[in-house]
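# A closer look at the structure
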Amino acid sequence: MGLRLSRVAGIVLALLATLYLFLLLVVRKADRIMARHEHERAAKEDQLRHQAYHDALTGLPNRVYFSERLGETIALAQRTKQTCALMFVDLDRFKIVNDSLGHDAGDSLLKVVAERVHGCLRESDLLFRMGGDEFTVILPQVTTPEDAAFVARRINEALAAPLSVQEHELAVGATIGIAVYPGDGDSADALLKNADAALYSAKENARGRHAFYHADMNQRAAQRLSLEVALRKGFRDGEFTLYYQPRVNAADRRIIGLEALLRWVSPTRGVVPPGEFIGVLE
C-alpha cells in the first residue's frame, strides 16, 4: 500500500513539474511577445515623432521643430543673460534650376545645399528646412554680431562654389538675413519677423550676401507688401497697358523693330514708374 502511494505521489509530482515547466515556457513566451510588441510600439512612436519633426527630403528638423527650439533658445538666453541669433537663408537661383532641370534635380540640389550649410556650422548651431528653398539657422550663443556674420560668410562662400547635381555643375548662391536677440527682438515671433525683413532687405540690395536687421526694414517690408497687393489688384482690374516704342536705324532712319513697354496707371498711385514695380514683378 505504501509503495503504491509513493508511486502515485511520484506521478503527481512529475505531472506538477511538467505543468510548471509548461506554464513557465508559456509565461516566458508571452513576456517575449509583449516585449517585442512594446519595442515595436516604441519604435513606431519614434518614427512618427521623427516624421512630425523632420523634413522628409533632407532629414533636417522642420518648421514645427524650429518653432520649439527657437522658443527654448530664447528662454535660455533670457535666463543666462546671453545673446543668440537667427539667420534666414534663401537660395538665389533655385527656381531656375527647378524649372529648367526638373523637380528631381531641385530635390537633389536641396540635399547638397543642406549638407554644405551644415558643414559651415558650429557644433552647437541648429539648421532647419522651413520649406521650399528656405532654411533657418539658430545660433544659440554669439558673443558679438560678428560671430553671426562669420557663419553667414562661410555659408555664402560654400553655396557660391559650384555644386554638382545630376551631372550638372550649378552655381546657386544664397542671401541671408540675420536678427540678434535681444536687440532685434525679445520673442520668437519678433526675431523671426525681423530676420525675414533683413533677408528681403539683403535681396533688394544685392543677392549672395548677408544683412543684419535694422528698425527701418519693417517699414520697407510693409511698403513692399502693400505694393505686391496693389500689383495683384491692378492685374485683375486691367490697370496695365503695353506701349510699343519703335527701334530706328540711325543711318537711314528706318524702323527696324519695336520694343514693348509695360506701364501701370493706378487709380490711387497714378502713373507708377517702372523702376518701382518691375523688380517686384520679376
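Described in the following lines is the structure provided in the data block.

Cut-off values and rules
Starting from 1, residues in each chain are numbered consecutively following that chain's sequence as written. The predicted nature of this model means local features are confined to residues of pLDDT at least 70 and side-chain atom pairs, given and counted, to a pLDDT of 80 or more, with totals for whole chains, interfaces and linings taken over all residues. With hydrogens and water set aside, each side-chain value is computed from the structure's full complement of heavy atoms. By definition, any uninterrupted DSSP run of H or I lasting at least four residues is a helix, any uninterrupted run of E lasting at least two residues is a strand, and each is numbered from the N terminus. Only protein chains enter the accessibility calculation, which uses a 1.4 Å probe; a residue is then buried when its area is under 20% of its type maximum, exposed when over 50%, and partly exposed in between. Distance and chemistry together define a polar contact, namely a pair of N or O atoms within 3.5 Å, with one atom able to donate a hydrogen and the other to accept it when in protein, and with adjacent residues in sequence counting only for side-chain atoms on both sides. Here, residues are in contact when the closest pair of their heavy atoms is within 4.5 Å. Only the contacting stretch of a helix is used when fitting its axis, a line to C-alpha atoms as for every element, and angles between N-to-C directions run 0 to 180 degrees. Should the near helix be turned counterclockwise from the far one by less than a right angle, the crossing is left-handed, whereas a clockwise turn marks it as right-handed. Only Asp, Glu, Lys and Arg are considered charged, only Ala, Val, Leu, Ile, Met, Phe, Trp, Tyr, Cys and Pro nonpolar, and every remaining residue, Gly among them, polar. Here, expected helix span is obtained from the residue count minus one, scaled by 1.5 Å. In this scheme, strands are said to pair when DSSP sees at least two bridges between them. A crossover counts as right-handed when, viewed with the strands pointing away from the observer, the path leading from the first strand over the helix to the second turns clockwise. Cavity and pocket criteria rest on a 1 Å grid covering protein atoms alone: a 1.4 Å probe that fits but cannot get out defines a cavity, protein on both sides within 12 Å along at least 5 of 7 lines defines an open pocket, and an atom within 4 Å of a point defines a lining residue. Grid points are joined across faces, edges and corners, and a volume is the space filled by probe spheres set on the points.

### Section: the side chain of D55
As for its position among the elements, D55 is in the loop between α1 (2–53) and α2 (63–80). Relative accessible area serves as the criterion here: at 15%, D55 is assigned to the buried category. For D55, the side chain forms a polar contact with the side chain of R129, separated by 3.1 Å. Leave out the neighbours within four places in its chain, and D55 touches L60, P61, N62 and R129.

### Thoughts on the packing of helix α4 (residues 103–119) against helix α5 (residues 145–160)
The geometry of α4 relative to α5 is characterised by a closest axis approach of 9 Å and an angle of 145° between their N-to-C directions. Relative to α5, the crossing made by α4 is right-handed. Side by side, α4 and α5 meet where V113, R116, V117 and G119 of the first sit next to R154, I155, A158 and L159 of the second.

### Regarding the packing of helix α3 (residues 94–101) against α4
Two elements in contact, α3 and α4, have axes whose closest approach is 6 Å; the angle formed by their N-to-C orientations is 145°. For the pair formed by α3 and α4, the contact residues are F94, V97, N98 and L101 on the first element and H103, A105, G106, L109 and L110 on the second. Of the residues belonging to the contact of α3 with α4, the class tally is six nonpolar, three polar and no charged.

### Structural notes on α4
With 17 residues, α4 extends 24 Å from end C-alpha to end C-alpha; this agrees with the ideal 24 Å at 1.5 Å per step. Looking at the buried side of α4, the elements it contacts are β1 (84–91), α3, β2 (126–131), β3 (134–139), α5 and β4 (163–165).

### Some remarks on the sheet that holds strand β8 (residues 240–248)
The strand order β8-β9-β10 describes an open sheet built from three strands, whose pairing is antiparallel. Both outer strands of the open sheet, β8 and β10 (270–272), are each paired with one neighbouring strand and no more. Direction aside, neighbouring strands of the sheet carry axes that sit 40° apart on average. Alignment of β8 against strand β9 (residues 255–266), held across nine bridges, turns out to be antiparallel. Across the sheet, F240 pairs through a bridge with W264, a residue of β9. Strand contacts of helix α8 (residues 274–281): β8, β9 and β10, with the helix running at about 95° to β9, the strand carrying the most contacts.

### With respect to the pairing of strand β6 (residues 174–181)
Most of β6 sits out of view: eight of its eight residues are buried. Burial along β6 is two-sided: the residues A174, I176, I178 and V180 and T175, G177, A179 and Y181 are all buried. Of the pairings in the sheet, the one linking β1 to β6 comprises eight bridges and is antiparallel in character. Paired with C84 across the strands is Y181, a residue of β6. Of the strand pairs in this sheet, β6 and strand β7 (residues 210–212) are connected by three bridges, and their pairing is parallel. Looking at the pairing, I178 lines up with F212 of β7. Taking the sense of rotation as the criterion, the β-α-β connection linking β6, helix α6 (residues 188–205) and β7 turns out left-handed.

### A closer look at empty space enclosed by the protein
Summed over the entire model, instances satisfying the criterion amount to one cavity of 30 Å³ or more. Looking at the largest cavity, its volume works out to about 40 Å³. What lines the largest cavity is simply T73, L76, A77, Q82, P140 and Q141. Within the lining of the largest cavity, the residues separate by chemical class into three nonpolar, three polar and no charged.

### Regarding the layout of surface pockets
To find leftover empty space, a probe the size of one water molecule is rolled over the atoms. Considered as a void within the structure, the largest pocket measures approximately 400 Å³ in volume. Lining the largest pocket are 13 residues, with K203, R207, R224, G279 and E282 positioned closest to its centre. Counting only elements with at least two residues in the lining of the largest pocket, the list comes to α6 and α8. Take the lining of the largest pocket: its biggest share by element is four residues, from α6. The class makeup of the residues in the lining of the largest pocket is four nonpolar, one polar and eight charged.

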